[in-house]
Amino acid sequence: QVQLVESGGGLVQPGGSLRLSCVASGSGFSFVAMGWYRQAPGKQRELVATITRGGYRNIAGFVKGRFAISADNAKNTVYLQMNSLNPEDTAVYYCKADTPYKTYWGQGTQVTVSS
């Protein structure tokens, strides 16, 4: 089994910053890509950012310029640096990891942006 564990969520003021981390653990895995999705109440889950093992980044337009994704391949960890947060960023953020065979999801971490 592969487990993805997210951390770093919390409550922040508008304009604040958070850094999310996702650590993959298990045996016999090799990820093609890892990334972040988010889901707000009553909304569809949407892509935030992904990064391939080779470093190719895909960042959603609504967070471009504010968020950045990075990875430490040796640690099987992906990060999401979130700056200039606004209330519309409030959601559960999920880590996703892709292999050629299947997709793995973390359990999510709550990000709440509020005054």
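Computed from a prediction, not measured in an experiment: that's the story for all the values here. Starting afresh in each chain, residues are numbered from 1 along the sequence in its written order. Side-chain atom pairs in this predicted model are given and counted only at pLDDT of 80 or more, local residue features only at pLDDT of at least 70, and totals for whole chains, interfaces and linings cover all residues. Excluded from the side-chain calculation are hydrogens and water; included are all heavy atoms of the structure.

### Structural notes on the overall build of the protein
As a reminder of what qualifies: Segments assigned H or I by DSSP are reported as helices when at least four residues long, segments assigned E as strands when at least two residues long, and all are numbered from the N terminus. Our radius of gyration looks at C-alpha atoms and nothing else; its globule reference is 2.2 Å times the residue count to the power 0.38.
Of regular secondary structure, the protein possesses zero helices and 11 strands. When the elements of the protein are put in sequence order from the N terminus, they spell out β-β-β-β-β-β-β-β-β-β-β. Here the protein has a C-alpha radius of gyration of 13 Å; the compact-globule value for 115 residues is 13 Å, and the two agree. Counting only C-alpha atoms, the protein reaches 45 × 25 × 25 Å along its principal axes.

### Brief notes about unusual backbone geometry
The phi angle at Asn-76 is positive, at roughly 50 degrees, despite the residue not being glycine. Along the chain, Asn-76 falls in the loop between strand E7 (67-72) and strand E8 (77-82). The residue Ser-84 is not glycine, and still its phi comes out positive at about 50 degrees. One can find Ser-84 in the loop between E8 and strand E9 (91-98).

### Remarks on the pairing of strand E4 (residues 33-39)
Along any regular strand the residues' side chains alternate between the sheet's two faces. Under the convention used in this document: A simple rule labels every residue: compare its accessible area, found with a 1.4 Å probe on the protein chains alone, to the largest value its type can have, and call it buried under 20%, exposed over 50%, or partly exposed in between. Strands qualify as paired when DSSP identifies two bridges or more between them.
The element E4 is largely enclosed, with a buried count of six among its seven residues. Taken together, the six bridges between E4 and strand E5 (residues 46-52) define a ladder with antiparallel strand orientation. Counted as the bridge partner of Arg-38 is Glu-46 from E5. Hairpin remark: E4 followed by E5, antiparallel, with six residues in the connecting loop; positive phi at Gly-42, about 75 degrees. Here seven bridges tie E4 to E9, and the two strands are oriented antiparallel to one another. The residue of E9 that forms the bridge with Met-34 is Ala-97.

### Re the pairing of strand E3 (residues 18-26)
Where strand E1 (residues 2-7) lies against E3, six bridges are found, and the strand directions are antiparallel. Bridged to Glu-6 within E3 is Cys-22. Of the pairings in the sheet, the one linking E3 to E8 comprises six bridges and is antiparallel in character. Residue pairing for E8: Ser-21 is matched across the bridge by Tyr-79.

### Here we look at the side chain of Lys-96
To keep things clear, this is the line we draw: Pairs of residues are marked as contacts when any of their non-hydrogen atoms sit within 4.5 Å.
Among the structural elements, Lys-96 can be located in strand E9. In contact with Lys-96, not counting residues within four places along its chain, are Leu-4, Ala-33, Met-34, Gly-35, Tyr-37, Thr-103, Tyr-104 and Trp-105.

### Some points on the layout of surface pockets
For clarity, the threshold we go by: Using a 1 Å grid laid over the protein atoms alone, points where a 1.4 Å probe fits but cannot get out form a cavity; open sets with protein on both sides within 12 Å along at least 5 of 7 lines form a pocket; any residue with an atom within 4 Å of a point counts as lining. Grid points are joined across faces, edges and corners, and a volume is the space filled by probe spheres set on the points. Any residue that is not Ala, Val, Leu, Ile, Met, Phe, Trp, Tyr, Cys, Pro, Asp, Glu, Lys or Arg is counted as polar, Gly included; the first ten are nonpolar and the last four charged.
Space inside the largest pocket adds up to approximately 160 Å³. Taken together, 14 residues make up the lining of the largest pocket; nearest its centre are Phe-31, Met-34, Arg-53, Asn-73 and Asn-76. When residues of the lining of the largest pocket are traced back to their parent elements, those giving at least two are E4, E5 and E7. Taken together, the residues that form the lining of the largest pocket break down as seven nonpolar, five polar and two charged.

### Remarks on the side chain of Ser-21
Counting through the fold element by element, Ser-21 comes out in strand E3. Residue class for Ser-21 comes out buried when judged on its relative accessible area of 13%. If we ignore the near neighbours within four places in the chain, the residues touching Ser-21 are Val-5, Glu-6, Ser-7, Trp-36, Val-78 and Tyr-79.

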